[in-house]
Amino acid sequence: MSIAKLCSYSILFRIVQQYGKERQPMTANPLKQELENRIDSLRKALIDVDPGFDTALVTGRVNQYYFTGTMQDGLLVVKRDGGAYYFVRRSLERALDECPLDIVYPMMSYRDMVGIVPTNFGNTYIETESVPIAMLGRLQKYFKMDKINPLDRIIFAQRAIKSPRELELIRQSGRQHLQLLEEIAPSLLREGISEAEFQGELFAAMIKLGYQGVSRFSIFQTEMVVGQLGFGENSVYPTSFDGPGGMKGMNAASPAIGSRKRRLKKGDLVFVDIGYGVGGYHSDKTQVYSFGAPPEAEIVKIHRACIEVERRCAAMLVAGAIPSQIYAKIMDNLPEGLSEGFMGYPKGVCFLGHGVGLHIDEPPAIAKGFDTPLAENMVIALEPKCGIPGVGTVGVEDTYIITAGGSECVTGGGRDIMTV
């Protein structure tokens, strides 16, 4: 007999009723009203974009958390007529414990959704950037989709405007992040330590400080452990990661882990670009150190030019500003010393900053093509950096909240290279 038959609906719905009475939302999680507002806002946004919208399917677990307060193996169905249904394969018990909404249904297979939602999804929106073809095929065994449209940008646009609760978690992350990089990370650097050892000790320190244990990226197949870090020339080693820093890694199969062979020696630059997170929400910050001796004057000049770029860019982070115009103004008037290697060596990236939230890399970006105005309560990380061949990567990164009167830096602002 199949598991689905053993776990009959009558048993599962008794579980639903039991947990529905006892559950208490986690204090860090969104409250019921906030989640209801988010689902309603998604529905309205879809109708604005496409008056013929019928169904939205949310499969990504981070997006599920945003709309339900829990992150499970499940599927959120949002209907044009006002209905919302969260079908959960595993863990149903945890979903009931963490989600304050009365929309949770048990599911072993997509066939279990039949009879609860109409089998014709009609004009359907789905996260086309991340949904596997196999998953789509399994859904289409039981449900007709007249048309499939991308949902990703619509959700990202909604998530870009943060609530007061979200902003407080980002501020909390930023405070801990600053303490980590100004006080704790320098104390871990010692002659002979390998990049891998430093990375491991840094991660342990982050956990003790309050880090949530994982930094999430929206870019497909992006893996990162702690962040990008490197001693000297390793921080300009080419990488597939879409950022201005480099990282040689442990080997070809583990490029996101520090090298066991590269050990810290006097005169090395130490590049530390890491995300941090509290309660699901991130901050992003970079600090550069010089071990055992002050950096050379030319290196200091290039680093301070990056700080100047951050300062100029931050001054333009105001509600109503156009990200692409900020990018163009900065790139057309770079400080002296920033040319080859700016925003990455040997090949730079085409942005100066990016949105931050439940993912470290969210829209909007400070880059060409991003023409929608910035809005109050968006969160942006600015990261002007420069790779110096044979030396390493210098530069800064900080996280800013767009406010009514400008921007608020939650990670302390760009700092000089710290001599350790």
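In this text the structure is predicted, and so the values were computed from the model without any measurement.

Draft legend 1. Spatial organisation of the sheet that holds strand β10 (residues 353-355). Read from one edge to the other, the open sheet built from 5 strands follows the order β11-β10-β12-β15-β16, with strand pairing classed as antiparallel. Where the open sheet ends on each side, the last strands, each with one partner, are β11 (362-366) and β16 (406-409). Going from strand to strand, the sheet's axes swing by 30° on average, the running direction of each strand aside. As paired elements, β10 and β11 share 3 bridges and run antiparallel to each other. Each bridged residue has a counterpart across the sheet, and for G355 the counterpart in β11 is E362.

Draft legend 2. Spatial organisation of the sheet that holds strand β9 (residues 281-290). Overall, mixed pairing links the 4 strands, which are arranged β7-β8-β9-β17 in an open sheet. Because the sheet does not close on itself, it has two edges, and the strands there are β7 (227-231) and β17 (418-419). Across 5 bridges, β7 lies against strand β8 (residues 269-278) in antiparallel orientation. Considered in β8, the bridge of L229 is made with V272. Against the sheet, helix α8 (residues 164-188) makes contact with β8, β9 and β17, and its axis sits at roughly 20° relative to β9, the strand it touches most.

Draft legend 3. Structural detail: the packing of aromatic side chains. Under the definition given, this model contains 10 aromatic pairs. Each ring, one from F53 and one from Y125, has its centre 6.2 Å from the other, and the planes form 70°; the classification is edge-to-face. Pair noted here: F53 is in the loop between α3 (32-49) and β1 (55-58) and Y125 is in strand β5 (residues 120-126), with a separation of 72 residues, a long-range link. Of the two residues, F53 and Y125, neither departs from the other in class, the shared state being buried. Arranged with centres 5.9 Å apart and planes meeting at 45°, the rings of Y85 and Y105 form a pair that is tilted. Of this pair, Y85 sits in strand β3 (residues 84-90) while Y105 sits in strand β4 (residues 104-106); the two residues are 20 residues apart in sequence, bridging distant segments of the chain. Judged by its relative accessible area of 18%, Y85 is buried. On the basis of relative accessible area, Y105 is assigned to the partly exposed category, the value being 21%.

Draft legend 4. Local environment of unusual backbone geometry. Cis peptide bonds are those with omega within 30 degrees of zero, and the linkage from R90 to S91 qualifies with 5°. Going from Y345 to P346, the amide bond is cis rather than trans, its omega being 10°. In this structure, P346 sits in the loop between α11 (323-331) and β10. The phi torsion at Q221 lies on the positive side, around 60°, for a residue other than glycine. Here Q221 is to be found in the loop between α9 (195-209) and β7. Owing to a relative accessible area of 69%, Q221 belongs among the exposed residues under this scheme. If you check the backbone angles, N377 has positive phi at about 75° while not being a glycine. Inspection of the secondary structure assignment puts N377 in the loop between β11 and β12 (379-382).

Draft legend 5. Representation of helix α4 (residues 61-68) within the structure. For α4, the tally of buried residues reaches 7 of 8 residues, placing the bulk of the element in the interior. Buried within α4 are the following residues: V62, N63, Q64, Y65, Y66, F67 and T68. Trailing α4 by a residue or two, G69 shows a phi angle of about 85°, which is positive.

Draft legend 6. View of the nonpolar core. L151, L180, F198 and L202 are the most contacted members of the largest nonpolar core, which has 60 residues in total. The biggest single contributor to this core is α8, with 7 residues. Discounting residues that sit within four places of it in the chain, L202 has contacts with L180, A185, L188, V226, L229, V272 and I274. Core analysis: the second largest hydrophobic core is formed by 35 residues, I299, C313, F342 and I417 among them.

Draft legend 7. View of the pattern of salt bridges. Counted according to the given criterion, the structure contains 26 salt bridges. Across the salt bridge formed by R38 and E34, the nearest N and O atoms sit 2.7 Å from each other. Of this pair, R38 and E34 both sit in helix α3, 4 residues apart, which is roughly one turn of the helix. Take E34: its relative accessible area is 18%, and that puts it in the buried class. Where R94 meets E98, a salt bridge forms, and the shortest distance between an N and an O atom there is 2.7 Å.

Here is what the cut-offs are and how they apply
- Residues numbered from 1 in each chain as written.
- Predicted model: local features only at pLDDT ≥ 70, side-chain atom pairs only at ≥ 80, totals over all residues.
- Heavy atoms only, no water.
- Pairing = 2+ DSSP bridges.
- Helix = DSSP H or I, 4+ residues; strand = E, 2+ residues; numbered from the N terminus.
- Axes fitted to C-alpha atoms, helices over the stretch in contact; angles between N-to-C directions.
- Contact = heavy atoms within 4.5 Å.
- Phe/Tyr/Trp six-rings, centres within 6.5 Å; stacked < 30°, edge-to-face > 60°.
- Buried < 20%, exposed > 50% of the residue type's maximum accessible area, 1.4 Å probe, protein only.
- Core = buried A, V, L, I, M, F, W, Y, C linked by side-chain atoms within 4.5 Å.
- Salt bridge = Lys/Arg side-chain N within 4 Å of Asp/Glu carboxyl O.

Function cannot be read off these values alone, since they describe shape.
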